[in-house]
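# Reading the structure
In case you want the letters, here they are:
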Amino acid sequence: MIDVDHFKLYNDAYGHPEGGRLPDPAGETLSGIAADNMGFAGRYGGEEFCLLLPNHRCGPRAGIGEVVRATVQSLGLPHATSSHKTVTVSVGVAATVPTTPSARAT
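Nothing here was measured: the structure is a model prediction, and the numbers come from that model. (Residues numbered from 1 in each chain as written. Predicted model: local features only at pLDDT ≥ 70, side-chain atom pairs only at ≥ 80, totals over all residues. Heavy atoms only, no water.)

### Observations regarding helix α1 (residues 7-14)
- Looking only at α1, the buried set comprises Phe 7, Tyr 10 and Asn 11. Projected down its long axis, α1 shows its buried positions confined to an angular sector of 95°, all on one face.
- At its buried positions, α1 is contacted by β1 (2-4), α2 (16-21) and α3 (23-36).
- The positive-phi residue at the C-terminal boundary of α1 is Gly 15, with phi of around 95°. (Buried < 20%, exposed > 50% of the residue type's maximum accessible area, 1.4 Å probe, protein only. Helix = DSSP H or I, 4+ residues; strand = E, 2+ residues; numbered from the N terminus. Arc of directions from axis to C-beta. Contact = heavy atoms within 4.5 Å.)

Structure follows, in structure tokens:
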């Protein structure tokens, strides 16, 4: 899960129409990262995204989270009310290994 940091402050500073356009560059960036990793990126809410990477182990995926964070920040999208002065994101990583039906507890 990826969340645009301080989105309310962005809307307050730049207006809701501009805030509505803000996720587009981040979404395009996430789509590129997803494609590079045989995954899927989608918008989950107003300023939230999900990045699904099936068939990958958890260890390397934490590194993908850092790639996402750094890549969005490197876009240099202005955010005057953020301490970074650019748009940043927070990233959470979770993983699961599915079990076969025969391995499930009854």
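Picking up where we left off.
### Here's the deal with the pattern of salt bridges
- Overall, the coordinates contain 3 salt bridges when judged by the stated rule.
- With its nearest N and O atoms 2.9 Å apart, the salt bridge here joins Asp 12 to Lys 8. Here the residue Asp 12 and the residue Lys 8 both occupy positions in helix α1, the gap between them amounting to 4 residues, near one helical turn.
- Between Arg 21 and Glu 18 there is a salt bridge, with its nearest N and O atoms 2.9 Å apart. Of the two residues, Arg 21 and Glu 18 are both situated in helix α2; the distance of 3 residues between them amounts to about one turn of the helix.
- For Arg 21, a relative accessible area of 45% puts it in the partly exposed group. (Salt bridge = Lys/Arg side-chain N within 4 Å of Asp/Glu carboxyl O.)

### Digging into the pairing of strand β2 (residues 40-43)
- As defined by bridge partners, β2 adjoins strand β3 (residues 48-52) across 4 bridges and the pair is classed as antiparallel. Bridge pairing in β3 places Gly 42 opposite Cys 50.
- If you look at the hairpin formed by β2 and β3, you'll find 4 residues sitting between the two strands. (Pairing = 2+ DSSP bridges.)

### A few points about the sheet that holds strand β4 (residues 89-91)
- With respect to topology, 4 strands assemble into an open sheet ordered β2-β3-β1-β4, the strand pairing being antiparallel. Here the strands that pair on one side only, and so sit at the sheet edges, are β2 and β4. Looking at each pair of strands side by side, their axes are set apart by 20° on average, direction ignored.
- Note that β1 and β4 share 3 bridges and pair antiparallel. Directly across from Val 4, in β4, lies its bridge partner Val 89.
- Here α3 sits on the sheet in contact with β1, β2 and β3, set at roughly 5° to β3. (Axes fitted to C-alpha atoms, helices over the stretch in contact; angles between N-to-C directions.)

### Details of the confidence of the model for the protein
- A residue-level look at the protein finds 90% of positions with pLDDT of 70 or above and a mean pLDDT of 85.
- Taken element by element, the predicted model of the protein shows its lowest mean pLDDT in helix α4 (residues 58-74) (81) and its highest in β4 (94). (pLDDT = per-residue confidence, 0-100.)

### Focus on the nonpolar core
- Counting residues in each nonpolar core, the largest one holds 19 residues, and the members touching the most others are Ile 2, Val 4, Leu 22, Leu 51 and Val 68.
- Of all elements in the fold, only β1, α1, α3, β3 and α4 reach the threshold of two or more residues within this core.
- Here the element with the most residues in this core is α3; it accounts for 4 residues.
- Leaving out residues up to four positions away in the same chain, Leu 51 has contacts with Ile 2, Leu 30, Ile 33, Ala 34, Phe 40, Ala 41, Ile 64 and Val 68. (Core = buried A, V, L, I, M, F, W, Y, C linked by side-chain atoms within 4.5 Å.)

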